[in-house]
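Observations on the model geometry
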Amino acid sequence: LHYNNLTILFRDIPLVTHPLSLEESNVPKNTQKEVVDFITADLIACAEDLPHPNDLPAAEWGRATRGAAYALLGYIYLNNKQYDNAATWTNNVIDLGCYELFPDYTTLFTVENEMCKEVIFPVCYQRGLSGRGSGFGWFKYPRVPDNHRPLRNLAEDFYCTDGLPITKSPLY
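Keep in mind it's a predicted model, so treat the numbers as computed, not measured.

1. Examining the pattern of salt bridges
Scanning the entire structure with this criterion turns up three salt bridges. The closest approach of N and O atoms between Arg-66 and Glu-48, which form a salt bridge, is 3.8 Å. Residue Arg-66 is located in helix α3 (residues 66-79), and its partner Glu-48 is located in the loop between α2 (32-47) and α3; the two are separated by 18 residues in the primary sequence. Of the residues examined, Glu-48 reaches a relative accessible area of 48% and is grouped as partly exposed. Between Arg-63 and Glu-60 there is a salt bridge whose closest N-O contact spans 2.9 Å. Given the relative accessible area of 43%, Arg-63 is considered partly exposed.

Next up, the structure:
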């Protein structure tokens, strides 16, 4: 998701596929085409290994499914003007037979309807103090909103200035 968003905003960006040491950290930009080719190949390779949306237990709501991968591929191809590929992947979403438009738009975005059949790729989040929805994907301010909290393992993938991961560095 983020590499796609970065290519939409900036076109050419660095493509980093493994943790970098301090010496490797000055990464040149890749072309937008190289990044898009990488993320679409990655999605295509994993799509069939993801569960069918109908096979996902309710307790795993929010987990990526085959339908989410297909929809993301359609979205990426559409944003890159590859219309035939976009049509193919969005038709794959339809062919899964498990999604449908919600009949009443005025109540679609209520708590009661969070898990309706219109939702293809849910984003689970921790509710704020107001008990209202998430600001996921909403970038109004130059800081990270309070409800965007990365998981610990993401933070542990970064290296300290001594070249060691934070799990081994005395600097952390």
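2. Looking at the packing of helix α1 (residues 2-10) against α2
Packing of α1 against α2 brings their axes to within 10 Å, and their N-to-C directions diverge by 160°. By the criterion of interaxial angle, the relationship of α1 to α2 is roughly antiparallel. Handedness of the α1/α2 crossing: left-handed. Residues Tyr-3, Asn-4 and Thr-7 of α1 lie in contact with α2, whose contacting residues are Gln-32, Val-35, Val-36 and Ile-39. Looking at the contact of α1 with α2 residue by residue, the class counts come to four nonpolar, three polar and no charged.

Thresholds, definitions, all that
Residues numbered from 1 in each chain as written. Predicted model: local features only at pLDDT ≥ 70, side-chain atom pairs only at ≥ 80, totals over all residues. Heavy atoms only, no water. Salt bridge = Lys/Arg side-chain N within 4 Å of Asp/Glu carboxyl O. Helix = DSSP H or I, 4+ residues; strand = E, 2+ residues; numbered from the N terminus. Buried < 20%, exposed > 50% of the residue type's maximum accessible area, 1.4 Å probe, protein only. Axes fitted to C-alpha atoms, helices over the stretch in contact; angles between N-to-C directions. Parallel < 35°, antiparallel > 145°, perpendicular 65-115°, else oblique. Left-handed = near helix turned anticlockwise from the far one by under 90°. Contact = heavy atoms within 4.5 Å. Nonpolar A, V, L, I, M, F, W, Y, C, P; charged D, E, K, R; others polar.

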